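Structural description and commentary
Take a look at the letters that make up each chain.
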Amino acid sequence: MPQQTQTDILADVTPIKFGTDGWRAIIAEDFTFANAHLVANAIARYVIRAEDARKGVVVGYDHRFASDTIAVAVAQAISATGTPVWLTDKPCPTPAVSLLVRQRQAAGGLVITASHNPYRWNGIKYKASYGSSALPSIVAQIEEELDLLQSRSIPALPPRQDLIHALDPRAPYLDALEKLVDWRRLRESRLRFLCDPMHGSSAGLLCELFTRNGISCDEIRGTRDPRFGGAHPEPIEPHIQPLRDAVLAGKYDAGFCADGDGDRIGAIDRDGSYLNPHQLFALLVWHLAGTRKLPGDIAKTFSVTKLIDKIAQKFGRRLHEVPIGFKYICELMLEQNILIGGEESGGFGTSLYLPERDASVTALFLAELMAWHGKSLGELLAALHSEFGEYHYGRVDLDVQPAQKQKAIAHFSSDRCAHILEWPVVRRENLDGVKVYLGDIGWVMVRASGTENLLRVYSETSSRESTSLVLAAVADLVHHL
């Protein structure tokens, strides 16, 4: 690659917005080698100023277009600052990089990935020295460095190839995960599983863990495909349909699906039913706090099911509710004894592993739960509903203008909103957005996106029908404000 000066790089870039986990953009528009070089430099400058740069940085990458070559360029940019780099020798899921950062006591980690975004996107996630998403205070420092680099002409230094070392990410990752569950119980259960990495970077890993321990497991969509087979690599409906079809055709006991970089999970029951993240989280809490009786509190984000509250109460666990975003769960896990924390989008972290989301870890615990009780995921969920009542969740994203978002938030925050359909508003909460409680049937919540012209509407009630009615009524109301 021809050597570029910082002036050349600055002439070829557009302003970069650094989010919680890093930066994402459309390939060949804003996601370019020049911009990736800038982001890597900003992170390297942060590491030198705020961490022990001598401990080095781990760099990994996913299955997206050019992720491998961008990873090499990023490693070279970081090495140019005199910081050692461990560059993975093959694609790997994001949580594998988080684990390597912890195991090696590295100063941080970067992953070339756009997570569950469509194939036209790529990005750079940053993982802090504790092995998870950067806290807001760390993000602010990286943003300062990025602003400086984008506003000044700073000469680029030549890469230090002697500081770049190859690293196998798979073996240590599999070894760590293998210690988490009771394999004897799983073997004796004779359960059959199907894994679907959605052509993402967790391909082969979960299936290898199951088969090496004598558990029947097959895999679909396990090949590298930068277009993800034409689907979004997000483990929700309708993108999860191929897994449903394969589970039913093969008569598997369950199917587990991971997003493009392997940190978020979806699941299909043996009857083809899709279990949403709220249901999976409830089963995980019930298993770890109840069945396994492991110590620790429970943490959830503001949009997560109230079923978690009841399960936590049953097992005498303190429940922490935080704003939306796994970074808030992570912060709690670093400060307190949190057994498990989870969010609406299918990301769960546990004190048994890392303060980090991991689809493969979640799948292992769900499989263990099934083996422990000899029941399907659907039967286990039915048992929870029988004990605690039914909880049916839904969400719609409304495309609205900024002024309309503000009107909606103001309306639902006001006493003018006294009823939704026939249900009275009995109280409100505003931890992150506005949550309105409707009599004794459940709640509805509105929350404005900070980066898009979207108003997100969430609802949970005691029946599918009432949840659908509430979502439709709120959507209609917002469009007529």
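Residues numbered from 1 in each chain as written. Predicted model: local features only at pLDDT ≥ 70, side-chain atom pairs only at ≥ 80, totals over all residues. Heavy atoms only, no water.

1. Some thoughts on the overall build of the protein
Definition in use: Comment: elements are numbered from the N terminus, with helices defined as DSSP H or I runs of at least four residues and strands as E runs of at least two. Both definitions apply: the radius of gyration is a C-alpha atom measure, and the globule rule equals 2.2 Å times residues to the power 0.38. In this scheme, a residue with accessible area under 20% of its type's maximum is buried, one over 50% is exposed, and one in between is partly exposed, where area comes from a 1.4 Å probe on protein chains only.
Secondary structure summary: the protein contains 16 helices and 21 strands in total. On C-alpha atoms alone, the protein measures out to a radius of gyration of 23 Å, which is about the 23 Å that the 2.2 N^0.38 rule sets for 481 residues. With the C-alpha coordinates aligned to their principal axes, the bounding extent of the protein is approximately 65 × 60 × 40 Å. Taking all 481 residues of the protein together, the buried fraction comes to 60%.

2. Overview of the sheet that holds strand β3 (residues 85-88)
What counts, and what does not: Pairs of strands are assigned from DSSP output, requiring at least two bridges between the strands. Angles here are taken between N-to-C directions and fall from 0 to 180 degrees, while the axes themselves are lines fitted to C-alpha atoms, restricted in helices to the stretch in contact. Contacts are residue-level and defined by heavy atoms, with any inter-residue pair within 4.5 Å sufficient.
What the six strands build is an open sheet, ordered β1-β5-β4-β2-β3-β6; its pairing is mixed. Each having just a single partner strand, β1 (22-26) and β6 (164-167) make up the two edges of the open sheet. The sheet shows a mean angle of 15° between the axes of neighbouring strands, direction not considered. The pairing of strand β2 (residues 57-61) with strand β4 (residues 108-112) spans five bridges and is parallel. When the bridges of β4 are listed, V58 appears paired with G109. Strands β2, β3, β4, β5 (121-127) and β6 of the sheet are contacted by helix α4 (residues 94-103), whose axis makes an angle of about 165° with β4.

3. Concerning helix α13 (residues 359-373)
The test is simple: Multiplying 1.5 Å by the residue count of a helix minus one yields the expected span of that helix. N or O atoms within 3.5 Å of each other form a polar contact, as long as, within protein, one can give a hydrogen and the other can take it, and as long as residues adjacent in sequence are counted only when both atoms are side-chain atoms.
With 15 residues, α13 should cover 21 Å at 1.5 Å per step; its first-to-last C-alpha distance of 22 Å lies within 8% of that length. A large share of α13 lies buried, amounting to 13 of its 15 residues. Measuring from the backbone nitrogen of S360 back to the side-chain oxygen at the start of α13 gives 2.9 Å, which picks out D358 as the cap. Just downstream of α13, G374 is the residue with a positive phi angle, here 65°.

4. Notes on the nonpolar core
For clarity, the threshold we go by: Each nonpolar core is a collection of buried residues, namely Ala, Val, Leu, Ile, Met, Phe, Trp, Tyr and Cys, held together in the definition by side-chain atoms within 4.5 Å.
Core analysis: the largest hydrophobic core is formed by 71 residues, its most contacted members being F193, F210, F256, L283 and L377. For this core, the element with the highest residue contribution is α13, accounting for 10 residues. L377 has contacts with A254, F256, A267, D269, L275, L283, L366 and M370, leaving out every residue within four places of it along the chain. Among the nonpolar cores identified, the runner-up in size contains 51 residues, and A77, L110, I142 and A299 belong to it.

5. Description of the packing of aromatic side chains
Counted only if it meets this: Any two of the Phe, Tyr and Trp rings considered here, Trp counted by its six-membered ring, make a pair once their centres fall within 6.5 Å; the pair's planes then place it as stacked at under 30 degrees, edge-to-face at over 60, or tilted in between.
For the structure on display, the rule yields seven aromatic pairs. With centroids separated by 6.2 Å and ring planes inclined at 85°, the aromatic side chains of Y46 and Y126 adopt a geometry described as edge-to-face. You can see Y46 sitting in helix α2 (residues 33-50) and its partner Y126 sitting in strand β5, a full 80 residues away along the chain. Residues Y46 and Y126 agree in their burial class; the two are buried.

6. Some words on the pattern of salt bridges
Using the following cut-off: Any carboxyl oxygen of Asp or Glu within 4 Å of a side-chain nitrogen of Lys or Arg constitutes a salt bridge here.
A full pass over the atoms with the stated rule returns 34 salt bridges. Between R357 and E343 there is a salt bridge, and its shortest N-O distance comes to 2.9 Å. Of this pair, R357 sits in the loop between β15 (348-350) and α13 while E343 sits in the loop between β14 (338-342) and β15, and the two are 14 residues apart along the sequence. There is no split in this pair, since R357 and E343 are both buried. Put simply, K125, D261, D263, E343 and R357 are held in one network by salt bridges that share partners.

7. Structural notes on the sheet that holds strand β16 (residues 392-399)
Within the open sheet, the six strands sit side by side as β16-β21-β20-β19-β18-β17. Their pairing is antiparallel. The open sheet has two free edges, formed respectively by β16 and β17 (419-420), since each of these has just one partner strand. Relative to strand β21 (residues 454-461), strand β20 (residues 442-448) runs antiparallel, the two sharing seven bridges. Along β21, the bridge assignment pairs M445 with Y458. Lying over the sheet, helix α15 (residues 402-413) contacts β17, β18 (423-429), β19 (434-438), β20 and β21, oriented at roughly 150° with respect to β20.

8. Considering the packing of α4 against helix α6 (residues 170-178)
Cut-off, in case you're wondering: Orientation is classified from the angle alone, with under 35 degrees giving roughly parallel, over 145 giving roughly antiparallel, 65 to 115 giving roughly perpendicular, and any other angle giving oblique.
Packing of α4 against α6 leaves a shortest axis separation of 10 Å and a crossing angle of 90°. Classed by the angle they form, the pair α4 and α6 counts as roughly perpendicular. On α6, the residues touching P95, A96, L99, L100 and Q103 of α4 are P172, Y173 and A176.

9. With respect to the side chain of T305
Turning to its location among the elements, T305 is positioned in the loop between β12 (297-301) and α11 (307-314). At 2.9 Å, the side chain of T305 and the backbone nitrogen of L307 are in polar contact. Among residues more than four places away in sequence, those in contact with T305 are H278, K300, Y391 and E460.

10. A word on empty space enclosed by the protein
Cut-off, in case you're wondering: Think of a 1 Å grid over the protein atoms and nothing else: a 1.4 Å probe that fits but is trapped marks a cavity, an open set flanked by protein within 12 Å on at least five of seven lines marks a pocket, and residues with an atom within 4 Å of a point count as lining. Grid points are joined across faces, edges and corners, and a volume is the space filled by probe spheres set on the points. When residues are sorted by character, Ala, Val, Leu, Ile, Met, Phe, Trp, Tyr, Cys and Pro go into the nonpolar class, Asp, Glu, Lys and Arg into the charged class, and all the rest, Gly among them, into the polar class.
Tallied over the full model, the rule gives three cavities of 30 Å³ or more. In this structure, the largest cavity is lined by 17 residues; those nearest its centre are C195, S202, L206, A258 and S360. Contributions of two or more residues to the lining of the largest cavity are made by β7 (192-196), α8 (205-212), β9 (254-258) and α13. Among the residues making up the lining of the largest cavity, the classes are represented as 12 nonpolar, three polar and two charged. Roughly 60 Å³ of volume is contained in the second largest cavity. Surrounding the second largest cavity, N276, H278, Q279, A282, T305, L307, L381, H385, Y391, Y393 and E460 form its lining. Among the elements of the structure, α10 (277-291) and α14 (377-388) are those that each provide at least two residues to the lining of the second largest cavity. In terms of residue class, the lining of the second largest cavity is built from five nonpolar, five polar and one charged.

11. Topic: the packing of α10 against α13
Packed helix pairs are specified by the crossing angle of their axes together with the interaxial distance, meaning the distance between the axes. Using the following cut-off: The handedness criterion is simple: a crossing whose near helix is rotated anticlockwise from the far helix by less than a right angle is left-handed, and one whose near helix is rotated clockwise is right-handed.
At a minimum axis separation of 10 Å, α10 and α13 run at an interaxial angle of 65°. Of the two elements, α10 crosses α13, and the hand of that crossing is left-handed. Counted together, L280, L283, L284, W286, H287, L288 and T291 of α10 and T362, F365, L366, E368, L369, W372 and H373 of α13 form the full contact between these two elements. Classifying every residue of the contact of α10 with α13 gives nine nonpolar, four polar and one charged.

Coordinates in, geometry out; function isn't part of it.
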